[in-house]
Amino acid sequence: MISDKLFRYAEKVIPDVFKSFVKENKDCQSAAYISNAQYELRIMKAHRENAKITGLKAQGLDELISALEVFNKENVCAINIRNKLNSFKIYSDEKNTELLGVIVLKLRKKTDEEIRHGQEVLGIKSAPPDPSNEN
């Protein structure tokens with residue numbers, strides 16, 4: 001669980017249509033980290049290619065990639081918030097003063113091909129959670 005300060009920041013920047021899905025910090029899985037901007041750009045481009053292959057709708061992904069391509073600082077802050085239905089990934093500068101983008105994903109069970117792509121291209125080591133098996 002992330003700090004209440006980061007959670008409140010994330011709540012402010014999540015698109016209005018999705019705000020009702022993010023009620024309380026304790027009701028969501030969340031994490032925040034600082035990462036190299038160019039590394040995140042590479043990962044987001046890989047996610048875009050995966051979305052093309054699978055038909056996944058990643059709202060905000062293209063806008064985030066465009067913002068990362070012109071971002072002139074070394075690191076970004078990434079905030080991940082996940083509930084049973086959606087996953088939100090918020091990118092900003094390290095101090096959360098410059099919002100770069102928000103990605104919204106509607107969660108669903110992953111196919112074997114998507115899991116294999118995640119392991120081979122993105123380096124994901126663990127199996128993805130299955131939204132249909134959560135309480």
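Everything discussed here concerns the structure shown above.
Residues numbered from 1 in each chain as written. Predicted model: local features only at pLDDT ≥ 70, side-chain atom pairs only at ≥ 80, totals over all residues. Heavy atoms only, no water.

**Student:** An account of the overall build of the chain is needed here, citing residue identities and associated values.
**Tutor:** Scanning the chain from terminus to terminus reveals four helices and five strands. Among the 135 residues that make up the chain, the fraction classed as buried is 40%. Accessible area for the chain stands at about 8200 Å²; split by element, carbon and sulfur atoms hold 52% of it. (Helix = DSSP H or I, 4+ residues; strand = E, 2+ residues; numbered from the N terminus. Buried < 20%, exposed > 50% of the residue type's maximum accessible area, 1.4 Å probe, protein only. Areas by Shrake-Rupley, 256 points an atom, 1.4 Å probe, with all protein chains shown as cover.)

**Student:** Can you tell me about the side chain of Asn96, naming the residues and giving the values?
**Tutor:** Checked against the element boundaries, Asn96 lands in the loop between strand 4 (86-92) and strand 5 (99-106). Of the polar contacts made by the side chain of Asn96, one reaches the side chain of Ser92; its length is 2.4 Å. Aside from chain neighbours lying at most four places away, what touches Asn96 is Leu6, Tyr9, Cys77 and Ile79. (Polar contact = N/O pair within 3.5 Å; in protein donor to acceptor, adjacent residues only side chain to side chain. Contact = heavy atoms within 4.5 Å.)

**Student:** Talk me through the environment of Ile14; I want residue IDs and the actual numbers.
**Tutor:** By secondary structure assignment, the location of Ile14 is in the loop between helix 1 (4-13) and strand 1 (29-36). Placed 76 residues apart in sequence, Ile14 and Ile90 show a C-alpha to C-alpha distance of 7.9 Å. When neighbours within four sequence positions are excluded, Ile14 is seen to be in contact with Lys19, Val22, Phe88 and Ile90.

**Student:** Let's hear about the side chain of Asp93: which residues, and what values?
**Tutor:** By secondary structure assignment, the location of Asp93 is in the loop between strand 4 and strand 5. Within the structure, Asp93 has its side chain in polar contact with the backbone nitrogen of Glu98 (distance 2.8 Å). Non-local contacts of Asp93, meaning those with residues more than four positions away in its chain, are made with Phe71, Lys73, Cys77 and Glu98.

**Student:** Break down the packing of aromatic side chains for me, citing the residues and quoting the values.
**Tutor:** Scanning the entire structure with this criterion turns up one aromatic pair. Pairing Phe18 with Phe88 gives two aromatic rings, centres 6.0 Å apart and planes at 70 degrees, and the pair type is edge-to-face. Note that Phe18 is positioned in the loop between helix 1 and strand 1 and Phe88 in strand 4, a separation of 70 residues in sequence. Classification of Phe18 by relative accessible area gives buried; the value is 14%. Given a relative accessible area of 0%, Phe88 falls into the buried group. (Phe/Tyr/Trp six-rings, centres within 6.5 Å; stacked < 30°, edge-to-face > 60°.)

**Student:** Break down helix 4 (residues 112-120) for me, with residues and values.
**Tutor:** Side chains of residues three or four places apart in an α-helix project in the same direction, reflecting 3.6 residues per turn. Along helix 4, the positions that sit buried rather than exposed are Glu114, His117 and Gly118. Considered in projection along helix 4, the buried side chains sweep an arc of 100 degrees and stay on one side of the axis. Turned more than 90 degrees off the buried face of helix 4, the exposed positions are Asp112 and Glu120. Summarising the contacts, the buried residues of helix 4 are in contact with helix 2 (37-54). (Arc of directions from axis to C-beta.)

**Student:** Give me the lowdown on the pattern of salt bridges, citing residues and values where you can.
**Tutor:** Enumeration over the complete set of coordinates arrives at seven salt bridges. Among the ionic pairs, Arg48 bridges to Asp62, the shortest N-O distance being 3.7 Å. With a gap of 14 residues between them, Arg48 in helix 2 and Asp62 in helix 3 (residues 61-70) connect regions that are remote in the sequence. Residue Arg48 is classed as partly exposed on the basis of its relative accessible area, which comes to 24%. Lys52 is the salt-bridge partner of Glu49, the closest N and O atoms lying 3.4 Å from each other. Residue Glu49 and its partner Lys52 are both found in helix 2; the two are separated by three residues, about one turn of the helix. We classify Glu49 as partly exposed; its relative accessible area is 39%. Given a relative accessible area of 59%, Lys52 falls into the exposed group. (Salt bridge = Lys/Arg side-chain N within 4 Å of Asp/Glu carboxyl O.)

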